[in-house]
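Report on the structure
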Amino acid sequence: AKQVQTTPSKQSEGLSYRDLLDKPPNPKDVFDLVKDISASWYELGRELNVPENDRAIFKRDPTLSCEDKLESVLSKWIGKETKDVKWRVALQALKALDRKDLIKKVINYLEKPEQYLKYISIEDFSPCDFEF
């Protein structure tokens with residue numbers, strides 16, 4: 001089988017961690033980073049201010065898995081193209097859901113996006129200061 005290497009999006013090149021906090025996330029990057037929260041997709045959507053009627057549509061669709069619903073919520077959020085669509089807001093939403101594990105994962109990615117996929121275990125994450 002052919003091995004495919006995934007790399008971070010071009011949007012992160014040359015930007016510091018603090019700069020990236022106020023940039024909109026790339027849909028694939030954000031999904032890859034938070035897919036472990038797929039069972040809580042509805043709550044994440046609420047924290048990201050995805051409209052209730054959109055979340056209700058996803059919730060009622062029996063053909064969508066939790067990961068599909070998470071992807072739909074994130075796409076809806078990123079598609080809003082408002083000032084609230086940025087990494088900082090995603091981190092605040094994860095904090096509201098008490099997902100420190102995913103906060104650490106996102107911060108590690110933002111600090112060193114080029115190395116993110118090389119160091120996926122929890123031991124390799126940098127300390128999280130929650131100052132975002």
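No experiment lies behind these values; they were computed from the predicted model shown. (Residues numbered from 1 in each chain as written. Predicted model: local features only at pLDDT ≥ 70, side-chain atom pairs only at ≥ 80, totals over all residues. Heavy atoms only, no water.)

Description of the overall build of the chain
When its secondary structure is counted, the chain shows seven helices and zero strands. When the helices and strands of the chain are placed in sequence order, the string is α-α-α-α-α-α-α. Residue burial in the chain is summarised as follows: out of 132 residues, 39% are buried. When contacts within the chain are restricted to residue pairs at least 6 apart in sequence, those whose partners lie at least 24 apart make up 63%. Summing over all exposed atoms, the chain offers an accessible surface of approximately 7,900 Å²; the carbon and sulfur share of this is 48%. (Helix = DSSP H or I, 4+ residues; strand = E, 2+ residues; numbered from the N terminus. Buried < 20%, exposed > 50% of the residue type's maximum accessible area, 1.4 Å probe, protein only. Contact = heavy atoms within 4.5 Å. Areas by Shrake-Rupley, 256 points an atom, 1.4 Å probe, with all protein chains shown as cover.)

Looking at the packing of helix 2 (residues 27-34) against helix 5 (residues 66-79)
Between two packed helices, what matters for the description is the angle formed by their axes and the separation of those axes. Packing of helix 2 against helix 5 brings their axes to within 10 Å, and their N-to-C directions diverge by 140°. In terms of their interaxial angle, helix 2 and helix 5 are classed as oblique. Helix-helix and strand crossings are classified by hand; for helix 2 and helix 5 the assignment is right-handed. Residues Pro27, Val30, Phe31 and Val34 of helix 2 touch helix 5, and the partners they reach there are Glu67, Leu70, Glu71, Leu74 and Ile78. For the contact of helix 2 with helix 5, the residue count by class is seven nonpolar, no polar and two charged. (Axes fitted to C-alpha atoms, helices over the stretch in contact; angles between N-to-C directions. Parallel < 35°, antiparallel > 145°, perpendicular 65-115°, else oblique. Left-handed = near helix turned anticlockwise from the far one by under 90°. Nonpolar A, V, L, I, M, F, W, Y, C, P; charged D, E, K, R; others polar.)

Structural notes on the pattern of salt bridges
This structure, assessed with the given rule, holds eight salt bridges. Lys86 is paired through a salt bridge with Asp22; the nearest N and O atoms lie 3.9 Å apart. One end of the pair, Lys86, is in the loop between helix 5 and helix 6 (87-96); the other, Asp22, is in the loop between helix 1 (17-21) and helix 2, and 64 residues separate them in sequence. Its salt-bridge partner being Lys105, residue Asp36 comes within 3.4 Å of it at the nearest N-O pair. Here the residue Asp36 occupies a position in the loop between helix 2 and helix 3 (41-47), and Lys105 occupies one in helix 7 (residues 100-111), the gap between them amounting to 69 residues. (Salt bridge = Lys/Arg side-chain N within 4 Å of Asp/Glu carboxyl O.)

Some details on the environment of Lys112
Within the fold, Lys112 resides in the segment after helix 7. For Lys112 and Ser16, which are 96 residues apart along the polypeptide, the C-alpha to C-alpha distance reads 8.9 Å.

Section: helix 7
Since the α-helix advances by 3.6 residues per turn, residues separated by three or four positions end up pointing in the same direction. Its twelve residues give helix 7 an end-to-end C-alpha distance of 16 Å, which sits within 8% of 16 Å, the value for a rise of 1.5 Å per residue. Regarding helix 7, the residues found buried are Leu102, Ile103, Lys105, Val106, Ile107, Asn108, Tyr109 and Leu110. (Expected span 1.5 Å × (residues − 1).)

A short note on unusual backbone geometry
Working note: non-glycine residues mostly have negative phi, and peptide bonds are mostly trans. The backbone of Asn49 sits at a positive phi, close to 65°, despite the residue not being glycine. Of note, Asn49 is situated in the loop between helix 3 and helix 4 (52-60). A relative accessible area of 53% means that Asn49 is categorised as exposed. Residues other than glycine seldom take positive phi values, yet Asp98 does so here, at roughly 55°. Its place among the elements puts Asp98 in the loop between helix 6 and helix 7.

Some words on helix 2
Residues of helix 2 that are buried: Asp29, Val30, Phe31, Leu33 and Val34. Turning to helix 2, the residues buried within the fold contact helix 5, helix 6 and helix 7. You can read the cap of helix 2 off the contacts: a side-chain oxygen lies 2.9 Å from the backbone nitrogen of Lys28, and it is on Asn26. (Polar contact = N/O pair within 3.5 Å; in protein donor to acceptor, adjacent residues only side chain to side chain.)

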